[in-house]
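Residues per chain, in single letters:
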Amino acid sequence: MTTLYGLKNCDTCRKARKWLDRFGVEHAFVDYRDEPRTPETLVEWKDALGGWDAMINKSSTTWRNLPEQRKAPGSDAEWKLLLREYPQLVRRPVVVTDDGVISQGFSDNGFKKRFGV
């Protein structure tokens, strides 16, 4: 089973879900604004994806509108607080498969490679 974490109104998440449906990949979708992830899950994602900076969509309006002091969290605790307050900052979708592999983002070729299609 594959779980897609994202936002239900995100175009990229919709594209990823349609792709999974089209290729018959069984999956669940979790809107992490409605069902916030635990701080431990956020740290797990961070470790798998290459750090907090790699996890964040810094081209988003939300990021650009943050006060400068919020854009440079100095600890895991500050990052977790920021992402609990602004879950939309996480680059979407986060894809987790039963084998424990965590990836981020969507592209047709990337998903073909990931799911062996």
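These numbers come from a predicted model, not from an experiment. (Residues numbered from 1 in each chain as written. Predicted model: local features only at pLDDT ≥ 70, side-chain atom pairs only at ≥ 80, totals over all residues. Heavy atoms only, no water.)

Draft legend 1. Quick peek at the sheet that holds strand 1 (residues 2-6). Spatial ordering of the open sheet is given by 2-1-3-4, a layout of 4 strands whose pairing is mixed. Only two strands of the sheet have a single partner each, and these edge strands are strand 2 (27-31) and strand 4 (102-104). Strand-to-strand twist of the sheet, defined as the mean angle between neighbouring strand axes without regard to direction, takes the value 20 degrees. Sheet topology places strand 1 next to strand 2; 5 bridges connect them, and they run parallel. Residue pairing in the sheet places Thr-2 in a bridge with His-27 of strand 2. Of the strands in this sheet, strand 1, strand 3 (94-97) and strand 4 are in contact with helix 6 (residues 108-115), which crosses strand 3 at around 10 degrees. (Pairing = 2+ DSSP bridges. Helix = DSSP H or I, 4+ residues; strand = E, 2+ residues; numbered from the N terminus. Axes fitted to C-alpha atoms, helices over the stretch in contact; angles between N-to-C directions. Contact = heavy atoms within 4.5 Å.)

Draft legend 2. Spatial organisation of unusual backbone geometry. The peptide bond linking Arg-92 to Pro-93 adopts the cis configuration, its omega dihedral lying at -15 degrees. When you line up the elements, Pro-93 lands in the loop between helix 5 (76-85) and strand 3.

Draft legend 3. Highlighting the pattern of salt bridges. Taken as a whole and judged by the stated rule, the model has 9 salt bridges. Asp-11 is the salt-bridge partner of Arg-14, the closest N and O atoms lying 2.7 Å from each other. One end of the pair, Arg-14, and the other, Asp-11, are both in helix 1 (residues 11-22), 3 residues apart, so they sit about a helical turn from each other. One salt-bridge network, in which partners are shared between bridges, spans Arg-22, Asp-108 and Lys-112. (Salt bridge = Lys/Arg side-chain N within 4 Å of Asp/Glu carboxyl O.)

Draft legend 4. Seen up close, helix 1. With 12 residues, helix 1 extends 16 Å between its outermost C-alpha atoms, agreeing within 8% with the 16 Å of an ideal straight helix rising 1.5 Å per residue. Among the residues of helix 1, those classed as buried are Cys-13, Ala-16, Trp-19 and Leu-20. Burial along helix 1 is one-sided: seen end-on, the buried residues are contained in an arc of 125 degrees. Exposed and facing more than 90 degrees away from the buried side of helix 1 are Asp-11, Lys-15, Lys-18, Asp-21 and Arg-22. Considering only its buried residues, helix 1 is in contact with strand 1, strand 2 and helix 6. Within two residues after helix 1, Gly-24 carries a phi angle of roughly 70 degrees, on the positive side. (Expected span 1.5 Å × (residues − 1). Buried < 20%, exposed > 50% of the residue type's maximum accessible area, 1.4 Å probe, protein only. Arc of directions from axis to C-beta.)

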